[in-house]
Amino acid sequence: MRIQDIPDLEIIDLDHESFTEENKKKGSRDNTGNACAAGRNPGNRRKNKKIDGSIPEDVDMDGSISENEDMDDSIPENEDMDDSISENEDMDGSIPEDEDMDDTISEDENMDDGDDPKESGPRKKFPINIHIVLLVVVVVTISFILYKYLSWGQIVDPEDNSSGPDDYVAQSYDNILPLTDSEGNMVAPNLDDGLSIAIFGNGPFAEDRDSADGLANMLADAAGATVYNCSVSGSYLASTRPAPDMAVNPWDAFTFYWMSLFSTNLEVNDYFAEAMAALGAEAPPEAAQVHDILSTLDFDTIDVIIVMYDAADYFAGRPAYSTETIPDIQSYAGNLKVGLEILKQQHPNTRIIVMSPAYAFSDQLDENGDYISSDIVRYGEDVLSTYVIKASESAAALQVSYVDNFYVTFNEDNAADYLSDHAHLNSAGRKKVIDRLLYALNYYNVLLEE
């Protein structure tokens, strides 16, 4: 190539927006001359295209050409900009679109104006179909929503705005079961001589036992039943020792397991009487009356046994459930389980209903003077709800009814309206307990009548 063949170069501002209409016209005029030069020497044109339109190496760089070389910013910027490169290639000798492409022209020269040389190779394809991924996500999401809808929570009518704290149930451990025979058939109670009920427990039924406002007397009036109240005030469900030790803790004789055992016709040690003697004046005021009932009543004639202990075990920090190091009799749920086993074995024709503790707050106050939730404060290893849940498991294991007074009859939102302090029921609270008892007692009446 001769130096005379090189056209005069003009310094051009290569900014992306600097190409005016005049530059475009000039580029079209230069294309004609450059095309002729390329026709005389195709090799030179191919060589120039491979180096992105830069000046050929065999050209003697002087004069105006050297001035272009001294421009530090114009050429690199021109190389980095897709649109600028395509337009400069048109001006430096690109072939018009209507010119026949020679076989000697390389594949790179056939790129459309504006294509980035870096992207001239085959495009990469994603191995994952994005539509399939989105479809899977949608299916999983819909399945999860359906599962939660069908298996969780309480269905609420959005048009019913009359619900309040008494109507909301976050979780229910109610499990109302009928009395059944050995083959699983429902057995109707024999009410020829009227309904008879025996009660085991502590505070709720022991308080105001001689008053018309006491739970036992309220139940007798509401159900038209004869009620034998064997509850003992100040007692607990769980024992502190494997067997009552009068020198250590005579109160263990009043726990549920030992009371259940004493209600049978089995030959057992009369720990109850020994505890009364050991406690003397500190014995529960109703202890003698309860001892007489347990000693003389034929529990085979009783239609229903009700068991209800309050949160006393929680406040005393006694274990909620058994472990490898805690035997059944020394935990709340464990003692309940073994006591129910005794009653089921010895009184198979008697229906049993377990009432959970009513909701109770802890006795600790927050900065506003309000009682702190029993789901926050621990006196032992567990919160109160753990006692409720574990007791429901014990009842289910023995196939006896369980009435949830912790989440259903009462709950944390409404409990203050039914308690006289942080834990004891007021008259309105007692009425709700009676309503729930009647609900459990009459649950299967329609089926039994059929």
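Conventions we followed
Residues numbered from 1 in each chain as written. Predicted model: local features only at pLDDT ≥ 70, side-chain atom pairs only at ≥ 80, totals over all residues. Heavy atoms only, no water. Helix = DSSP H or I, 4+ residues; strand = E, 2+ residues; numbered from the N terminus. Contact = heavy atoms within 4.5 Å. Areas by Shrake-Rupley, 256 points an atom, 1.4 Å probe, with all protein chains shown as cover. Buried < 20%, exposed > 50% of the residue type's maximum accessible area, 1.4 Å probe, protein only. Salt bridge = Lys/Arg side-chain N within 4 Å of Asp/Glu carboxyl O. Axes fitted to C-alpha atoms, helices over the stretch in contact; angles between N-to-C directions. Parallel < 35°, antiparallel > 145°, perpendicular 65-115°, else oblique. Left-handed = near helix turned anticlockwise from the far one by under 90°. Pairing = 2+ DSSP bridges. Right-handed = clockwise from strand over helix to strand, strands pointing away. Core = buried A, V, L, I, M, F, W, Y, C linked by side-chain atoms within 4.5 Å. Patch = residues over 30% accessible without salt bridge, like charges linked within 9 Å, V, L, I, M, F, W, Y side chains within 5 Å. 1 Å grid on protein atoms, 1.4 Å probe; cavity = no way out; pocket = protein on both sides within 12 Å on 5 of 7 lines; lining within 4 Å. Points joined across faces, edges and corners; volume = space filled by probe spheres on them. Nonpolar A, V, L, I, M, F, W, Y, C, P; charged D, E, K, R; others polar.

Concerning the overall build of the chain
Looking only at helices and strands, one finds 16 helices and five strands in the chain. In the chain, the share of contacts with a sequence separation of at least 24, taken over all contacts with a separation of at least 6, comes to 72%. For the chain, the exposed area adds up to about 25,900 Å²; of that, 49% sits on carbon and sulfur atoms.

Some details on helix α8 (residues 215-223)
Among the residues making up α8, those that are buried are L215, A216, M218, L219 and A220. Looking at the buried side of α8, the elements it contacts are β1 (195-201), α7 (203-206), β2 (225-229), β3 (304-308) and α15 (427-441). G224 sits one or two positions beyond α8 and adopts a positive phi of about 65°.

As for the pattern of salt bridges
For the structure on display, the rule yields six salt bridges. The partner of D245 in a salt bridge is R241, and the shortest N-O contact between them spans 4.0 Å. Residue K390 pairs with E393 through a salt bridge whose shortest N-O separation is 3.7 Å. Of this pair, K390 and E393 both sit in helix α14 (residues 384-397), three residues apart, which is roughly one turn of the helix. Each of the salt bridges in this network shares a partner with another, and the network as a whole consists of E207, D208 and R430.

A look at the packing of helix α13 (residues 332-346) against α14
Contact pair α13 / α14: the axes reach a minimum separation of 8 Å and the direction vectors enclose 20°. Viewed along their axes, α13 and α14 adopt a mutual orientation that is roughly parallel. Crossing handedness for the pair α13 and α14: right-handed. Across the interface between the two elements, Y332, A333, L336, K337 and L340 of α13 pack against Y387, K390, A391, S394, A395 and A397 of α14.

Here's the deal with the pairing of strand β4 (residues 351-355)
A large share of β4 lies buried, amounting to five of its five residues. Relative to β4, β3 is paired through five bridges, and the arrangement is parallel. Bridge pairing in β4 places I305 opposite I352. Two elements, β4 and strand β5 (residues 401-403), share three bridges in a ladder whose sense is parallel. Within β5, the residue paired with V354 across the bridge is Y402. Note on the crossover from β4 through α14 to β5: the handedness is right-handed.

Section: the nonpolar core
Among the nonpolar cores identified, the biggest contains 83 residues, and I197, F200, F256, L294, F299 and I305 are the most heavily contacted of them. Ignoring anything within four residues of it in the chain, the contact list for I197 reads L219, A225, T226, V227, Y228, I302, V304, I306 and L441.

Focus: a nonpolar patch on the surface
Taken together, the side chains of I130, V133, L134 and V137 define a hydrophobic patch exposed on the protein surface, amounting to about 340 Å² of accessible area. Inspection of the secondary structure puts I130 in helix α6 (residues 130-151).

Here's the deal with empty space enclosed by the protein
In this structure the tally under the stated criterion is three cavities of 30 Å³ or more. Put simply, the largest cavity is a space of about 110 Å³. Around the largest cavity, the lining residues are G203, P204, E207, M308, D310, A311, P357, A358, Y359, A423, H424 and L425. Grouping the amino acids of the lining of the largest cavity by side-chain chemistry returns eight nonpolar, two polar and two charged. Approximately 70 Å³ is the volume found for the second largest cavity. Residue lining of the second largest cavity: A253, W258, M259, L261, F262, V268, N269, D270, Y271 and F272, and that is the complete set. Elements that contribute at least two residues to the lining of the second largest cavity include exactly α9 (256-262) and α10 (271-279). For the lining of the second largest cavity, the leading source of residues is α9, giving four residues. Here the lining of the second largest cavity is built from residues that sort into eight nonpolar, one polar and one charged.

Shape is all these values report; function is a separate question.
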